[in-house]
Amino acid sequence: MRKPLIAGNWKLNKTITQAEELAAALVAGLKDVSATEIIIAPTFTALNRVAAIIGDAPIQLAAQNCYPQESGAFTGELSPLMLKDAGCGAVIIGHSERRQLLAEDDQLINAKVKKTLESGLLAILCVGETLAERECDEMLEVLSAQIKGGLADLSAEQMANLVIAYEPVWAIGTGKTATDEQAQEAHSFIRGLVQGLFDPATAQSCRILYGGSVKPDNVDGLMAQDDIDGALVGGASLTAEDFCRIVKFEKK
Ligand code: 13P
C-alpha cells in the first residue's frame, strides 16, 4: 500500500563533474526499477546538470534545503520554486545537521514544509533524537515536539505530499545503525503521532523512512519492519554500487 522510497542525501560532497558521473551510473543501474521510488539529493550547484542526466529515468531529484519565501531580499537562499525550476521534485527539510549546525528550529522547519508543499514539491521532513536525549529517556518527547512542530497547520490532503524521515542523530555517519526493533519502535510511535494529528487513513498512507548508517548489509532487515517504508541514505548513497543495492533491497 505504501510504495517503498529510497532517497540518497549526498550532503556536502561531489563536484559537478563527480555528481554527473554518479548520476549516470545510477541511471544505468536503476533504469528498470519500478517497485521502489528513488530520490537523489545532490548539492545545489549540481542539481540542474544532474537533472539533465536523469532525463526520464525513474529517479527524482531533491534539494537538501530551501528557504520559506518565494523571492526577495534573502541573500544566499533558494526558494522551492527555484529548486523546482532546476529540476527538483522534492526537498529535504529539517535535517539534524541543519538543526544542530545552523540552529534550525521547528517553527522555521514548519515554514519550509509549508512553502515546499505550496510550491508543489514533495517535502521530506527529518526528525530524530540525539544520543543524550535517548539516554535521558527524552526520545518520545523530542520526536513528538519535532513532529507536531514540523507538521503544524497542515491539512490531511497536504500530508499526501509529505514523507517523514526518522534519523536518530547517534546513528548518522557513525556506522551505528539503530537495530531493526529500535527503528520499528520509533516509526510506530511516529505513525501514532500522525494519526493523533490527522486521522487513521492519513497515518496509514504516510511513508516513514529510516536514516542513519543504512548500508547494503542492513537495509533488508530494516525494510522488513512493518512501519519502515524506505531509507534516507547518506554515506552509502555516494557510491553507485552501494546505493543500487540499497534500492534493490531484498524482501524478507
Ligand atoms: P549516513 O547514512 O551517512 O549515516 O547519513 C544518514 C543521513 O543523515 C541521511 O540524511
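Structure: above.
Given the structure is predicted, the values throughout are model-derived calculations rather than measurements.

Asks: Which parts of the structure should I look at to understand the sheet that holds strand 4 (residues 90-93)?
Replies: What links the strands of a sheet is backbone hydrogen bonding, and the strands pair in either a parallel or an antiparallel sense. A barrel is described by the order of its strands in space; here 8 strands give the closed sequence 1-2-3-4-5-6-7-8, paired in parallel fashion. Direction aside, neighbouring strands of the sheet carry axes that sit 25° apart on average. As defined by bridge partners, strand 7 (residues 208-211) adjoins strand 8 (residues 230-233) across 3 bridges and the pair is classed as parallel. Directly across from Gly-211, in strand 8, lies its bridge partner Leu-232. Across the face of the sheet, helix 5 (residues 106-118) comes into contact with strand 4, strand 5 (122-127) and strand 6 (162-166) while running at roughly 160° to strand 5. On the sheet, helix 11 (residues 240-247) packs against strand 1 (5-9), strand 2 (37-41) and strand 8 and is oriented at approximately 160° with respect to strand 1.

Asks: So what exactly am I meant to see when it comes to the pairing of strand 5 here?
Replies: As a general feature of sheets, a regular strand has side chains that alternate between the two faces. Burial within strand 5 is extensive, with 6 of its 6 residues counted as buried. With burial as the criterion, each face of strand 5 is covered, one bearing Leu-122, Ile-124 and Cys-126 and the other bearing Ala-123, Leu-125 and Val-127. Sheet topology places strand 4 next to strand 5; 4 bridges connect them, and they run parallel. Considered in strand 5, the bridge of Ile-93 is made with Leu-125.

Asks: Please explain helix 2 (residues 44-54) as it appears in this structure.
Replies: Given 3.6 residues to a turn, an α-helix orients residues that are three or four positions apart in the same direction. Among all positions of helix 2, only Ala-46, Leu-47, Val-50 and Ile-54 are buried. Projection of helix 2 onto a plane perpendicular to its axis shows the buried side chains occupying an angular sector of 120°, all on one side. For helix 2, the exposed residues set more than 90 degrees away from the buried face come down to Thr-45, Asn-48 and Ala-52. Looking at the buried residues of helix 2, the elements they touch are helix 1 (16-30), strand 2, strand 3 (60-63) and helix 3 (80-85). Positive phi shows up at Gly-55, right after helix 2, with a value of about 55°.

Asks: Is there a simple way to explain the site of the ligand in this structure?
Replies: As a matter of local geometry, the ligand sits amid Asn-9, Lys-11, His-95, Glu-167, Ala-171, Ile-172, Gly-173, Gly-212, Ser-213, Leu-232, Gly-234 and Gly-235. Taking Asn-9, its side chain carries an N or O atom lying 3.0 Å from an oxygen atom of the ligand. Backbone polar atom of Gly-234 to an oxygen atom of the ligand: 2.9 Å apart, as the coordinates give it. Of the residues belonging to the shell around the ligand, the class tally is 3 nonpolar, 7 polar and 2 charged.

Asks: I'm lost on the packing of helix 1 against helix 2 in this one. Help?
Replies: How two helices pack is summed up by the angle between their axes together with the distance between the axes. Running from amino to carboxyl end, helix 1 crosses helix 2 at an angle of 30°, the nearest separation of the two axes being 9 Å. Considered as vectors, helix 1 and helix 2 are oriented roughly parallel to each other. Pair helix 1 / helix 2 crosses with right-handed handedness. Two secondary-structure elements touch here, helix 1 through Ile-16, Ala-19, Glu-20, Ala-23, Ala-24 and Val-27 and helix 2 through Thr-45, Ala-46, Arg-49, Val-50, Ile-53 and Ile-54. Across the contact of helix 1 with helix 2, the residue classes break down as 9 nonpolar, 1 polar and 2 charged.

Rules of the game
- Residues numbered from 1 in each chain as written.
- Predicted model: local features only at pLDDT ≥ 70, side-chain atom pairs only at ≥ 80, totals over all residues.
- Heavy atoms only, no water.
- Pairing = 2+ DSSP bridges.
- Helix = DSSP H or I, 4+ residues; strand = E, 2+ residues; numbered from the N terminus.
- Axes fitted to C-alpha atoms, helices over the stretch in contact; angles between N-to-C directions.
- Contact = heavy atoms within 4.5 Å.
- Buried < 20%, exposed > 50% of the residue type's maximum accessible area, 1.4 Å probe, protein only.
- Arc of directions from axis to C-beta.
- Near = heavy atom within 4 Å.
- Polar contact = N/O pair within 3.5 Å; in protein donor to acceptor, adjacent residues only side chain to side chain.
- Nonpolar A, V, L, I, M, F, W, Y, C, P; charged D, E, K, R; others polar.
- Parallel < 35°, antiparallel > 145°, perpendicular 65-115°, else oblique.
- Left-handed = near helix turned anticlockwise from the far one by under 90°.

Interpretation in functional terms is not warranted from these geometric data alone.
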